[in-house]
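Close look at the chain arrangement
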Number of protein chains: 2
Amino acid sequence: MRARQSGPDRQRHGGDAHPPERLLLDDPMAALPPTARHLLAAARRLLIRDGYGALTFAAIAAEADEAKGSIGYHFGNKDGLMAALVDSLVHDANRALIRESEAQPTAAAKVHVLMDGESRIVADAESFQAFFEILPHALRDPALRRRVATLYDGYRETVSRCVDDTGATRARRLRPFGMLMIAIVDGLAIQHGLDPDGADVAGAIRLWEQLARPLLTELAVAP
Amino acid sequence: MRARQSGPDRQRHGGDAHPPERLLLDDPMAALPPTARHLLAAARRLLIRDGYGALTFAAIAAEADEAKGSIGYHFGNKDGLMAALVDSLVHDANRALIRESEAQPTAAAKVHVLMDGESRIVADAESFQAFFEILPHALRDPALRRRVATLYDGYRETVSRCVDDTGATRARRLRPFGMLMIAIVDGLAIQHGLDPDGADVAGAIRLWEQLARPLLTELAVAP
DNA sequence: GTCTATATTGGGATAGAC
DNA sequence: GTCTATCCCAATATAGAC
């Protein structure tokens, strides 16, 4: 059951190849050899296109134009491959959200762009497809769960800073708002995925922006 | 690939054994023979306890103390089993929500109970575990997706009626509110599952109730 | 480091007895 | 209508050549 100890995958099995604290900073793909990068990229494409069930060694190797055995060599076993895959998904998703939200100059503009951007994120079914594929596995596997939990902590932090970046004290009080914002994006993505025509995502986002406005203006006029 | 035609599973493959319109009314389990019911109940337990990957014929048969071959006889193949499983999950989840929300007499009390009940639903990781297990499959398989989409339509309808049951006209304007309510429950369940200690679900629900209050009181004072 | 070939396992489907 | 036994196949892991 245990993977052999000779390959470069040794370091992965300690669980500290990418400690959660650094997930938001480093690109986990950059340090990998070319073959491993190709394999990971192919796995991501397959996960998005055909789901978790399509993530077989043979399919990944074919999609990457690499040898099947290389997967075992670089990632040890399927668990190691999944951990690396989640790392790469976490990194990309987080960078996209940070870039999206921090582009605007003023706090008010940031919030509006955030709201508007989220509705586009919801409509982008592709990234959520991949996320919902790995979610059940992340909820079960402690190692994966820590990785994804760190991603979500970064999400909430980003939303909080987006609404009010004056200080850590008040920003921490905004964590419930960040939780709601993220929850609404995820939850609306579910409804959109289940019923693209019947679920009026834009209308729901409009209502949310309207309901949240008092809180945001209150923060704007506060010292 | 096609299942044989002799068993009682024939009717299932037309996709109209349980048309979506009736999912909220009938109990799909009631009409099944005892062996099929045992198998379905065992599959539900396995799905909640060990995830989708554990849903093998051998495991289900062992958990149900029935024969492996009976699965093929009653449900045709794995797709038929999944459809029946989703039907049973849909029915139970919906009935629980309806009962939860319609127990209170006045509209105001209903809303408060709804908010309060939702936070308990979020904390009940078990049912959401099963839901997140089947979600990726439901998003891919059209037949399953229709079933789950119908469930969500019922959810939104229930929330709308809970907030304001005076008439269909105003209730339809409340659909965005129902969407947000459901989305928040789902999204907070994700955050709770990923990080039970770090995610303050109760705090987020409190903030949501506070933000939603203006809309609810506006409805209360309207004619 | 990379690939080919293979061993081993386990799941899904089905024939046929009862 | 239910069960037992079996077949076929696909998937992972690994040994060993290059």
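Residues numbered from 1 in each chain as written. Chains lettered and ligands numbered in written order. Predicted model: local features only at pLDDT ≥ 70, side-chain atom pairs only at ≥ 80, totals over all residues. Heavy atoms only, no water.

Turning to the overall build of chain A, a few remarks are in order. Of the regular secondary structure elements, chain A holds 11 helices and zero strands. Carbon and sulfur atoms make up 53% of the accessible area of chain A, which amounts to about 10,400 Å² in all. (Helix = DSSP H or I, 4+ residues; strand = E, 2+ residues; numbered from the N terminus. Areas by Shrake-Rupley, 256 points an atom, 1.4 Å probe, with all protein chains shown as cover.)

Turning next to the side chain of Glu133(A). Along the chain, Glu133(A) turns up in helix α7 (residues 125-140). Taking relative accessible area as the criterion, Glu133(A) reaches 5% and is therefore assigned buried. A polar atom in the side chain of Glu133(A) sits 2.6 Å from the side chain of Arg140(B). Each residue touching Glu133(A), except ones within four places of it in the same chain, is listed here: Leu47(A), Gly51(A), Tyr52(A), Pro136(B) and Arg140(B). (Buried < 20%, exposed > 50% of the residue type's maximum accessible area, 1.4 Å probe, protein only. Polar contact = N/O pair within 3.5 Å; in protein donor to acceptor, adjacent residues only side chain to side chain. Contact = heavy atoms within 4.5 Å.)

Turning our eyes to something else, we now look at the protein's contact with DNA strand D. In the vicinity of DNA strand D there are 15 residues, among which Phe57(A), Lys68(A), Lys78(A), Ser70(B) and His74(B) approach most closely. A share of 79% is what sugar and phosphate atoms reach among the atoms of DNA strand D within 4 Å of the protein. Between DNA strand D and Phe57(A) there is a distance of 2.9 Å, counted from a phosphate oxygen to a backbone nitrogen or oxygen. With respect to DNA strand D, the side chain of His74(B) contributes an N or O atom lying 2.9 Å from a phosphate oxygen. Broken down by element, the residue count for the surface near DNA strand D peaks at five residues, all from helix α4 (residues 68-75) of chain B. Of the residues assigned to the surface near DNA strand D, the class counts are four nonpolar, six polar and five charged. (Near = heavy atom within 4 Å. Nonpolar A, V, L, I, M, F, W, Y, C, P; charged D, E, K, R; others polar.)

Turning our eyes to something else, we now look at unusual backbone geometry. Leaving glycine aside, a negative phi is the common case for residues, and trans is the common case for peptide bonds. For Asp65(A), which is not glycine, the phi dihedral falls at a positive 55°. On the secondary structure map, Asp65(A) appears in the loop between α3 (57-64) and α4 (68-75).

Each full turn of the α-helix corresponds to 3.6 residues, which orients residues three or four apart in the same direction. Over its 16 residues, helix α7 (residues 125-140) of chain B extends 24 Å from the first C-alpha to the last, a length consistent with the 22 Å expected when each residue adds 1.5 Å. At Ile134(B), α7(B) shows its maximal kink, close to 35°; a proline, Pro136(B), follows between one and four residues later. (Expected span 1.5 Å × (residues − 1). Bend = angle between axes of the 7 residues up to and from the residue.)

Overall, the coordinates contain 16 salt bridges over all chains when judged by the stated rule. For Asp50(A), the salt bridge is made with Arg49(A), and the minimal N-O distance between the two is 3.9 Å. Across the salt bridge formed by Asp153(A) and Arg156(A), the nearest N and O atoms sit 3.3 Å from each other. One end of the pair is Asp153(A) and the other is Arg156(A), both in helix α8 (residues 142-163) and three residues apart, which spans about a single turn. With a relative accessible area of 33%, Asp153(A) lands in the partly exposed category. Among the residues examined, Arg156(A) registers a relative accessible area of 1% and is labelled buried. Salt bridges sharing common partners tie together Asp153(A), Arg156(A), Glu157(A), Arg175(A) and Asp195(B). (Salt bridge = Lys/Arg side-chain N within 4 Å of Asp/Glu carboxyl O.)

This brings us to the protein's contact with DNA strand C. Neighbouring DNA strand C are 15 residues; Thr35(A), Ser70(A), His74(A), Phe57(B) and Lys78(B) lie closest to it. Of all DNA strand C atoms lying within 4 Å of any protein atom, the proportion belonging to sugar or phosphate reaches 75%. At 3.4 Å from a phosphate oxygen of DNA strand C is found a side-chain nitrogen or oxygen belonging to Glu66(A). The side chain of Lys68(B) places a nitrogen or oxygen atom 3.4 Å from a base nitrogen of DNA strand C. Put simply, the parts of the chain that give the surface near DNA strand C at least two residues each are α4 of chain A together with α4 of chain B. Counting residues per element, the surface near DNA strand C draws most heavily on α4(A), which supplies four residues.

Each copy of the sequence occupies a distinct position, and chain B is placed on chain A by a rotation of 180° and an axial shift of 0.0 Å, giving an RMSD of 0.1 Å. A rotation of that kind, with that shift, is consistent with a two-fold axis. Of the residues that chain B buries at the interface, 100% are likewise interface residues in chain A, meaning the two copies contact each other through the same surface. (Least-squares fit on C-alpha atoms with pLDDT ≥ 70 in both.)

Moving on, we get to the environment of Phe75(A). One can find Phe75(A) in helix α4. Separated by 39 residues in the primary sequence, Phe75(A) and Ala36(A) place their C-alpha atoms 8.1 Å from one another.

Moving on: the nonpolar core. With 132 residues, the main nonpolar core has Phe132(A), Phe177(A), Trp208(A), Phe132(B), Phe177(B) and Trp208(B) as its most contacted residues. Apart from the residues lying within four places of it in its own chain, the contact partners of Trp208(A) are Met115(A), Phe177(A), Leu180(A), Met181(A), Ile184(A), Leu180(B), Trp208(B) and Leu211(B). (Core = buried A, V, L, I, M, F, W, Y, C linked by side-chain atoms within 4.5 Å.)

This paragraph deals with the interface of chain B and chain A. How big an interface is tends to be stated in terms of the accessible area lost upon association of its parts. Each partner contributes residues to the interface: chain B has 45 residues there, and chain A has 45 residues. A combined buried area of about 3,800 Å² lies between chain B and chain A, and 71% of that area is made up of carbon and sulfur atoms. Taken together, chain B and chain A are joined by three salt bridges. A salt bridge links Glu133(A) to Arg140(B); its shortest N-O distance comes to 2.6 Å. Inspection of the chain B/chain A interface yields 10 residue pairs in polar contact (both at pLDDT 80 or more). Those elements that provide at least two residues to the side of chain B that touches chain A are α2 (34-50), α7, α8 (142-163), α10 (175-194) and α11 (201-221) of chain B. The dominant element in the side of chain B that touches chain A, judged by the number of residues it contributes, is α10(B), at 15 residues. (Buried area = accessible area lost by both parts, 1.4 Å probe.)

Here Gln191(A) shows up in helix α10 (residues 175-194). From its side chain, Gln191(A) meets the backbone oxygen of Met179(B) in a polar contact 3.0 Å long. Every residue in contact with Gln191(A), bar those within four places of it in the chain, is listed here: Ala199(A), Tyr152(B), Arg156(B), Met179(B), Ile182(B) and Ala183(B).

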